[in-house]
Amino acid sequence: MPDFADRLKQLRLQRKLTQEELAKALNVTQNAIFNWENAKREPNMDMISKMADLFNVPMSYLMEGNKIYGRFVREFIELANGKIPAALQ
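What counts, and where the lines are drawn
- Residues numbered from 1 in each chain as written.
- Predicted model: local features only at pLDDT ≥ 70, side-chain atom pairs only at ≥ 80, totals over all residues.
- Heavy atoms only, no water.
- Phe/Tyr/Trp six-rings, centres within 6.5 Å; stacked < 30°, edge-to-face > 60°.
- Lys NZ or Arg CZ within 6 Å of the ring centre and 35° of its normal.
- Buried < 20%, exposed > 50% of the residue type's maximum accessible area, 1.4 Å probe, protein only.
- Helix = DSSP H or I, 4+ residues; strand = E, 2+ residues; numbered from the N terminus.
- Arc of directions from axis to C-beta.
- Polar contact = N/O pair within 3.5 Å; in protein donor to acceptor, adjacent residues only side chain to side chain.
- Contact = heavy atoms within 4.5 Å.

Draft legend 1. Examining the packing of aromatic side chains more closely. The full count for this structure, using the stated rule, is zero aromatic pairs. Directly above the ring of Tyr61 sits Arg7, whose terminal nitrogen or CZ lies 5.0 Å from the centroid.

Draft legend 2. Structural detail: helix H4 (residues 45-55). Residues of H4 that are buried: Met47, Ile48, Met51, Ala52 and Phe55. Here the buried residues of H4 occupy an arc of 140° about the axis, which is enough to place them on one side. Those residues of H4 that are exposed and angled more than 90 degrees off the buried face are Asp46 and Asp53. The N-cap of H4, judged by a side-chain oxygen 3.2 Å from the amide nitrogen of Asp46 a few residues on, is Asn44. Of the residues flanking the end of H4, it is Asn56, one or two places downstream, whose phi is positive at about 55°.

Draft legend 3. Just the side chain of Arg12, in detail. Tracing the backbone through its elements, the reader meets Arg12 in helix H1 (residues 4-14). Since its relative accessible area comes to 7%, Arg12 is described here as buried. Polar side-chain contacts of Arg12 include one of 2.5 Å to the side chain of Glu37. Apart from residues no more than four positions distant in its own chain, Arg12 is found in contact with Leu17, Thr18, Gln19, Leu22, Glu37 and Phe55.

Shape descriptors only; they carry no functional weight alone.
As structure tokens, this is what we get:
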């Protein structure tokens, strides 16, 4: 199953964008794109939202199977059940 890094790179290449061009479109450094595509770092939720808009894909497509997605789902469930997630306390 592809992870975030693989999906990001695949989407970038499908659009025929360089890392530098994608970085400019997202207002980040080329190094950030490199780190995300090589699974050295993960972007925050706001950045994932920007990427989803840019590539016209659901955020869930980018996050599926990743730690960040699992954390998001857990926190959402806690909020839905009236609890404050530990990360927000």
